[in-house]
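Listed below are the residues making up each chain.
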Amino acid sequence: MSEVNSAGDGPATGPGQGKREAADLGTDPGPARGAGGNAEGTGARLGGWTRFVTARPRPSLLVALLLTALAVVAGSGVADRLGSGGWEDPTAESTYATKALEREFPASQPNLLLLLDAGGSSVDDPAVAAEAKRITARLAAERGVTGVGSYWQSGSPALKAGDGHEALIAARITGDETAAADTLDRLAPSYRGRSGPVEVEIGGPVAVRHEMQTTIREDLTRAELIALPVTLLLLVMVFGSAIAALLPLGVGIFAILGTNAVLRGLTEVTDVSVFAMNLTTALGLGLAIDYALFIVRRFREELATGAAPRAAVGTTLRTAGRTVLFSSLTVAVSLAAMLLFPQYFLRSFAYAGIAVVLLAAGAALILLPAALVLLGHRVNALDLRRLFRRGAPRAADGGAAWGRMASLVMRRAPLFVVATTAGLIVLGLPFLGVKFGTADDRQLPSTAESHVVQQHVRDGFPGSPGGGLEILAEGPATTTQYAEYGKRIAALPEVRRVDGPLVKGDAAYFTVLPKGEAVDEGAQRLVGELRSTNAPFATSVTGTAAVLVDSKDAIGDRLPWAAAFIAVVTLLLVFLLTGSVLIPVQAVLLNALSLTAMFGAVVWVFQDGHLSGLLDFTSSGSIETTLPVLMFCVAFGLSMDYGVFLLSRIKEEYDHTGDHQQAVRFGLQRTGGLITAAAVILAVVMVAIGTSRVANTKMLGLGIALAVLMDAMVVRSLLVPAVMRLTGRATWWAPGPLRRFHDRFGLSEGEASTAEPAPSPALAGGPEPDRDPVEAG
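Residues numbered from 1 in each chain as written. Predicted model: local features only at pLDDT ≥ 70, side-chain atom pairs only at ≥ 80, totals over all residues. Heavy atoms only, no water.

To continue, consider the nonpolar core. Of all hydrophobic cores here, the largest spans 157 residues; its most connected members are Phe275, Tyr291, Leu372 and Leu630. Of all the elements, helix α11 (residues 344-375) adds the most residues to this core, at 18 residues. For Leu630, the residues in contact, after removing those within four places along its chain, are Met338, Phe345, Leu346, Phe349 and Leu700. With 36 residues, the next largest nonpolar core counts Ala132, Ile173, Tyr191 and Val453 among its residues. (Core = buried A, V, L, I, M, F, W, Y, C linked by side-chain atoms within 4.5 Å. Buried < 20%, exposed > 50% of the residue type's maximum accessible area, 1.4 Å probe, protein only. Helix = DSSP H or I, 4+ residues; strand = E, 2+ residues; numbered from the N terminus. Contact = heavy atoms within 4.5 Å.)

Quick look at the structure:
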């Protein structure tokens, strides 16, 4: 076909350009596609990478088995070393004030609450008061506990329930998260339960974090028990062969165990969130299955043309192997963007995600080819589907239906573009009403002890103890100056009450209770007003609302940089794959559009509380600030994963024939079923993660499952072919300098062919039409 004549520049590649040097995984260009073209002894040369991974397959697999065993040992106990916080900015004013108050005024930052329920009696009853004072004194004598105070000591109305039947003992457990959890484990059994005339329940931030960590660990084990057998069953349905189905699962297990070992090592030098364990399992299984599906599927295609196993592996690595490499890089780039944020919650997902992506890709490109060389044609053994069907075996490709759908979509391209775009935008509209908040006890099941305690505090205690703001005052000051400052902040419109100051040397602190909820809009405005109030000494504001304000500011400051990083690197990688200027822009925009349904559903379900009964969670009326960033990075990376699969096959066919519409049809025909199968399997894994009893983990799992399915079934199947039909052969245009840059440095899945015709559509899985149905339309 003729090139586009625009300032002398044509498509990045075409059939007349011949084969170019393969700058890929170290392989030399093999023969063009065609029956018998891959047979050993016909001149096909296995490149350096292929020789490396196939020369000694048995030793390679033995080394992998040894590494897996070492990873099991190295990663053991990793969950016990992970933290359950990390939402705050470590450089923020609120973080500085919190640490200073912990050091100077430990009673100002209680993280342990003992809720004493006197039943039908009053907390002021002499017997109740005597027992409460005994418990208070006993707690104050415990090792690792400081700042103990109670209603029966101070008489503070904030520590007594409105009905007079409950009151609080507050204390601080010292040390980092691990030390505090150990102390809580030691103390809780001896304080929880009936003690004389009172019933004692344990709550507070340290109890919430500990219970959350324990719940996540239990839920993760259950999710793995659900996901592994269901995934294996789906793989058997996709491949037919039980042998082929076990290969992706093996790659996934290797990636998960290896990432656990990496996280265990990272805990020695930095904080890592326990939530990252969920991503490790989900991405480890999901991406390993994606990559292995692509590799095994292409290997079986090459075997079907008559290729010998070693030559089939060589062709597979030159083609599908390059796609896996590009896909892993795009996913890693999206996850690496979270390293730009200061919260270790987000950074932990980057650590886990990058590790699991690289390990999954490495296993798919090194260990899987070695296994395929050993298996050869036995990769098709144990076809379990024959047990459920009669007659002759049917072709597993199923590509004809995808080819017909691609033709239909391209014939009605404007309709599909408008309808799908409008539908995705409508699904995303609820996100316009998003309200950001902090993670609290409502992440836990309603029956969890720490959740019950905190709910009692919210509902029954005036001023929500622990939900106020603390102001740290530093520098020499007189009693009069403290009093005048206290009057100024008490006069602010959002202030309910000011307590303090409590003075120690040249430092003091005030406690400010807002009129509304601890983190509502009024409390957040109050943080700014307190920080702008003049004082004759240095002041720093902390508290739940202050941490939220600082976290939002930190994310807002870095979000444009993270988005730019993802966009620029993704544009570059997709350009290197396709040689087109337009395709990378389309990929980024359509990927972002595919996430609208996820964000809309997150707000409609988890913020507004719809389906909370069905999904068994408590809505806090807000979305934790870091969750949308995390979900965007993960879902965008997975969407690019599928996008690369589709684009690489379209590019291969376009290089082979120069026919744009046939290339789009062929690409969807060959990858539509594969992408859908991979998306369904990944969605199953994410839904298994979404069965967690922790609301944030539930939101992460179910939200990403929805995003993956929408991307595979709507964007890749409908929107991408429709948009590419509208852009036509201009899709492949690039200016001269960029085209030359791509010719020298770019990579693609297949090599161009000088005269070889396109493969028979019958071989591709569909009928052999005289001409493209799109042209007929």
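Still more ground to cover, so stick around.
Further remarks concern the packing of aromatic side chains. Applying the stated criterion across every chain, the model contains 16 aromatic pairs. Judged by centre distance (5.7 Å) and plane angle (75°), the ring pair of Tyr151 and Trp152 falls under edge-to-face. You can call Trp152 buried: its relative accessible area is 11%. Note on Phe431 and Phe599: the rings are 5.0 Å apart at their centroids and 45° apart in plane angle, and the pair reads as tilted. With Phe431 in the loop between α13 (413-428) and β6 (436-437) and Phe599 in helix α19 (residues 596-607), the pair connects residues that are 168 residues apart, well separated along the chain. Judged by relative accessible area, Phe599 falls into the buried class, the value being 14%. (Phe/Tyr/Trp six-rings, centres within 6.5 Å; stacked < 30°, edge-to-face > 60°.)

The next subject is the pattern of salt bridges. Opposite charge on two side chains allows them to pair when their charged atoms are near. Counted under the stated rule, the structure contains 27 salt bridges. For the salt bridge of Glu93 with Arg531, the shortest nitrogen-to-oxygen distance reads 3.0 Å. With Glu93 in helix α3 (residues 93-104) and Arg531 in helix α16 (residues 521-532), the pair connects residues that are 438 residues apart, well separated along the chain. Glu93 gets classed as partly exposed once you look at its relative accessible area, which sits at 30%. (Salt bridge = Lys/Arg side-chain N within 4 Å of Asp/Glu carboxyl O.)

Here we take up the sheet that holds strand β1 (residues 112-117). Within the open sheet, the 5 strands sit side by side as β2-β3-β1-β5-β4. Their pairing is antiparallel. This sheet does not close on itself; its edge strands, each paired only once, are β2 (145-150) and β4 (193-195). Neighbouring strand axes in the sheet, compared pairwise and without regard to direction, differ in orientation by 25° on average. Set on the sheet, helix α4 (residues 126-140) makes contact with β1, β2, β3 (166-173), β4 and β5 (198-203); between it and β2 the angle comes to about 165°. (Pairing = 2+ DSSP bridges. Axes fitted to C-alpha atoms, helices over the stretch in contact; angles between N-to-C directions.)

In this model, the protein carries a mean pLDDT of 83, and residues with pLDDT of at least 70 account for 86%. Within the model, pLDDT remains below 50 along residues 749-777, and this stretch shows 76 contacts once partners closer than five positions in the same chain are excluded. (pLDDT = per-residue confidence, 0-100.)

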